[in-house]
Amino acid sequence: MVADSTAAEPWLAEGVIAGPDDLDMDALVAGVVPESCILVSEPVFLVCTHAKRNACCARIGLPLARSLAEVLPDRVWETSHVGGDRYAANLVCLPHGLYYGSMSQAAAVAAANAYRSGEVILDRFRGRAGIPEPLQAVEHFVRSHTGELSVGGVAVESSRSDGDTTEAFVRGSAARFRVVVEPMTLTTPCGTACADTITTYRLVALDRLAPVRYATSALT
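Attention in this report is confined to the structure presented alongside it. Predicted model, so just to flag it, every value in this text is computed and none were measured.

1. Focus on helix α3 (residues 105-116)
Part 1: The end-to-end C-alpha distance of α3, which contains twelve residues, comes to 17 Å, matching closely the 16 Å that a straight helix rising 1.5 Å per residue would cover.
Part 2: Tucked into the core, α3 has its buried residues touching β4 (44-48), α2 (55-71), β6 (91-94) and β7 (98-100).
Part 3: Note on α3: the residue one or two positions beyond its end, Gly 118, has a positive phi of about 85 degrees.

2. Notes on the layout of surface pockets
Part 1: Reported here for the largest pocket is a volume of approximately 760 Å³.
Part 2: Lining of the largest pocket is provided by 23 residues; of these, Tyr 87, Arg 126, Gly 127, Thr 199 and Thr 200 occupy positions nearest its centre.
Part 3: Broken down by element, the residue count for the lining of the largest pocket peaks at five residues, all from helix α4 (residues 133-146).
Part 4: Among the residues making up the lining of the largest pocket, the classes are represented as nine nonpolar, nine polar and five charged.
Part 5: Of the voids in this model, the second largest pocket is the one considered here, and its volume is about 400 Å³.
Part 6: Looking at the second largest pocket, it is lined by 18 residues, and the ones nearest its centre are Ala 7, Ala 8, Pro 10, Arg 128 and Ala 155.
Part 7: Among the secondary structure elements, those contributing two or more residues to the lining of the second largest pocket are α4 and β9 (155-162).
Part 8: The residue makeup of the lining of the second largest pocket, split by class, is nine nonpolar, five polar and four charged.

3. Things to note about the packing of α2 against α3
Part 1: Interaxial distance between α2 and α3 falls to 9 Å at its minimum, and their mutual angle equals 45 degrees. As far as their axial angle goes, α3 and α2 are oblique. The two elements α2 and α3 meet at a crossing, and its hand is right-handed. The residues of α3 that touch α2, namely those facing Pro 63, Leu 64, Ser 67, Leu 68 and Val 71, are Gln 105, Ala 108, Val 109 and Ala 112.
Part 2: Per-class residue counts for the contact of α2 with α3 are seven nonpolar, two polar and no charged.

4. What to know about unusual backbone geometry
Part 1: Here Ala 88 and Ala 89 are connected by a cis peptide whose omega angle stands at 5 degrees.
Part 2: Summarising the element assignment, Ala 89 is placed in the loop between β5 (76-79) and β6.
Part 3: At the junction of Leu 94 and Pro 95, the peptide bond is cis and its omega measures out at 20 degrees in the coordinates.
Part 4: Note that Pro 95 resides in the loop between β6 and β7.
Part 5: Unlike most non-glycine residues, Asp 74 shows phi in positive territory, near 70 degrees.
Part 6: Mapped onto the elements, Asp 74 comes out in the loop between α2 and β5.
Part 7: Its relative accessible area of 70% is what places Asp 74 among the exposed residues.
Part 8: A positive phi angle, close to 55 degrees, is found at Ser 102, a residue other than glycine.
Part 9: Structurally, Ser 102 can be placed in the loop between β7 and α3.

The rules behind the values
- Residues numbered from 1 in each chain as written.
- Predicted model: local features only at pLDDT ≥ 70, side-chain atom pairs only at ≥ 80, totals over all residues.
- Heavy atoms only, no water.
- Helix = DSSP H or I, 4+ residues; strand = E, 2+ residues; numbered from the N terminus.
- Expected span 1.5 Å × (residues − 1).
- Contact = heavy atoms within 4.5 Å.
- 1 Å grid on protein atoms, 1.4 Å probe; cavity = no way out; pocket = protein on both sides within 12 Å on 5 of 7 lines; lining within 4 Å.
- Points joined across faces, edges and corners; volume = space filled by probe spheres on them.
- Nonpolar A, V, L, I, M, F, W, Y, C, P; charged D, E, K, R; others polar.
- Axes fitted to C-alpha atoms, helices over the stretch in contact; angles between N-to-C directions.
- Parallel < 35°, antiparallel > 145°, perpendicular 65-115°, else oblique.
- Left-handed = near helix turned anticlockwise from the far one by under 90°.
- Buried < 20%, exposed > 50% of the residue type's maximum accessible area, 1.4 Å probe, protein only.

By themselves, these figures tell us nothing about what the structure is for.
So, in structure tokens, the structure goes:
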């Protein structure tokens, strides 16, 4: 299975190949669906069960993956490290690459069902793969402010950085927003294996922009 989470319309495809050399990886990175694969509409859910990096991923992730697979047969894969082991159990929803962390079995089922309906659940939502971290934070703040839950309901139109500060203009379903965020660090003592500092983002400003009004010439 291959997926492109950064395409304008993210896609997921599956096929049977003899080996990795049968895939044109350059074309795949460019967003081209491999000739040996066909597009599929049902999403796939990844659960990290990789114990070598952090035992929590296997201890918490494995039972979650198995319980979720009972609800969604053939749509759940156990995977190696997907990042953020301190947030075990981690859930990734493809093709959009939505990440959830610290998932319970009930929370994973709720997130998977919401995604299959085209929505995001903000509780335990970590962000979206393929988008720079500050812009993931920007999207989250807009969703929290507006209550917009549809997967495609929020999109960053443009952004610029000035030092550590990021300013972005964001399109929501009913309005546009100017959002400013800056990084901050948190110390998370969750055992000697992953007691470190975590970079997150603080909301500096969130302004709703006036809608654009176009003047029309008078009829003569």
